[in-house]
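Chain by chain, the residues run as shown.
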Amino acid sequence: ATRAFGMILMGDLTEMHLTMIGKSFLVSLCSMAAMALALLFDPSSSSKEDDTMWTNTCLLVLYGVVAILWRRMAIAKSDDRDAITEEEEETKNKRRRTQSLQFAACATAAYLLVPIAFCHSALAYIPAMVLVPLLAFPDYSQLSTATTTTAKRLIFLGLWILTAPPILMVPRFFPTYTIFVRFAYVPMHIQLLLLLLVVLPLL
């Protein structure tokens with residue numbers, strides 16, 4: 001929350017890319033809807049192992065669809081109206097998009113975790129220690145520059161993989177996919193994917 005609102009107070013609101021912010025929030029809502037559909041049409045609700053496998057499959061499909069659509073729609077077409085050809089202006093515009101995405105990611109985390117923390121602080125502790133630092137602390141607008149090494153990019157990609165729900169959350173912290181994992185942790189992890197898709201050319 002501090003990072004999200006600090007970006008507003010210290011920056012210029014006119015520099016925010018509202019289209020990217022709106023699309024980012026829309027992706028979060030769609031990921032929640034996808035998790036709801038996966039829960040509704042779960043063919044193996046009687047077995048925890050089968051339920052986990054079914055949800056993992058749905059998550060894999062969800063990540064693939066998000067990656068493809070985000071690349072084609074949000075990134076490729078976000079600046080059509082500007083018709084930018086100069087390299088400096090293109091760099092500035094990419095930085096503006098990335099900062100807007102990071103604001104959306106931090107705001108999503110704040111609105112999801114703060115109410116949960118008031119109700120059940122233990123649930124908010126895990127993502128607050130794992131995902132929130134990855135969303136808030138790095139300056140993602142700097143990661144897309146030519147000076148960023150491939151090793152650094154691979155580190156962020158590796159962290160995203162390690163924090164994926166099937167690897168970190170289930171079954172290590174939770175025996176199965178709970179409501180918290182489906183509707184709070186997954187949307188935040190999707191937000192991290194959106195950031196990486198914008199700033200890391202290797203994705």
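Our subject is the structure listed above.
Residues numbered from 1 in each chain as written. Predicted model: local features only at pLDDT ≥ 70, side-chain atom pairs only at ≥ 80, totals over all residues. Heavy atoms only, no water.

1. Some words on the layout of surface pockets
Turning to step 1, where the next piece is worked out: Taken as a whole, the second largest pocket holds about 280 Å³ of empty space.
Turning to step 2, where the next piece is worked out: Along the wall of the second largest pocket there are 12 residues; nearest its centre are L26, V27, L69, W70 and M73.
Turning to step 3, where the next piece is worked out: Listing elements by their share of the lining of the second largest pocket, those giving two or more residues are α2 (18-40) and α3 (48-75).
Turning to step 4, where the next piece is worked out: Counting residues per element, the lining of the second largest pocket draws most heavily on α3, at seven residues. (1 Å grid on protein atoms, 1.4 Å probe; cavity = no way out; pocket = protein on both sides within 12 Å on 5 of 7 lines; lining within 4 Å. Points joined across faces, edges and corners; volume = space filled by probe spheres on them. Helix = DSSP H or I, 4+ residues; strand = E, 2+ residues; numbered from the N terminus.)

2. Some remarks on the packing of aromatic side chains
Ring pairs (aromatic) are described by centroid distance and by the angle formed between their planes.
Turning to step 1, where the next piece is worked out: The tally for this structure, following the rule as stated, stands at three aromatic pairs.
Turning to step 2, where the next piece is worked out: Taking 5.8 Å as the distance between ring centres and 70 degrees as the angle between the ring planes, the aromatic pair formed by Y140 and F156 counts as edge-to-face. Taken together, the positions of Y140 in helix α6 (residues 140-143) and F156 in helix α7 (residues 150-162) put the pair 16 residues apart, joining distant regions of the chain.
Turning to step 3, where the next piece is worked out: With 6.0 Å between their ring centres and 40 degrees between their planes, F174 and F180 make a pair best called tilted. (Phe/Tyr/Trp six-rings, centres within 6.5 Å; stacked < 30°, edge-to-face > 60°.)

3. Considering the pattern of salt bridges
Turning to step 1, where the next piece is worked out: Tallied over the full model, the rule gives one salt bridge.
Turning to step 2, where the next piece is worked out: Across the pair R182 and D51 runs a salt bridge whose closest N-O atoms are separated by 3.7 Å. Linking R182 in helix α9 (residues 179-199) with D51 in helix α3, this pair joins segments that are 131 residues apart in sequence.
Turning to step 3, where the next piece is worked out: Its relative accessible area of 1% is what places R182 among the buried residues. (Salt bridge = Lys/Arg side-chain N within 4 Å of Asp/Glu carboxyl O. Buried < 20%, exposed > 50% of the residue type's maximum accessible area, 1.4 Å probe, protein only.)

4. Quick word on the nonpolar core
Turning to step 1, where the next piece is worked out: Counting 45 residues, the largest nonpolar core has W70, Y140, M169, F180, I190 and L192 as the members making the most contacts within it.
Turning to step 2, where the next piece is worked out: Elements with a minimum of two residues in this core: α2, α3, α4 (87-119), α5 (121-136), α6, α7, α8 (165-169) and α9.
Turning to step 3, where the next piece is worked out: With 15 residues, the top contributor of residues to this core is α9. (Core = buried A, V, L, I, M, F, W, Y, C linked by side-chain atoms within 4.5 Å.)

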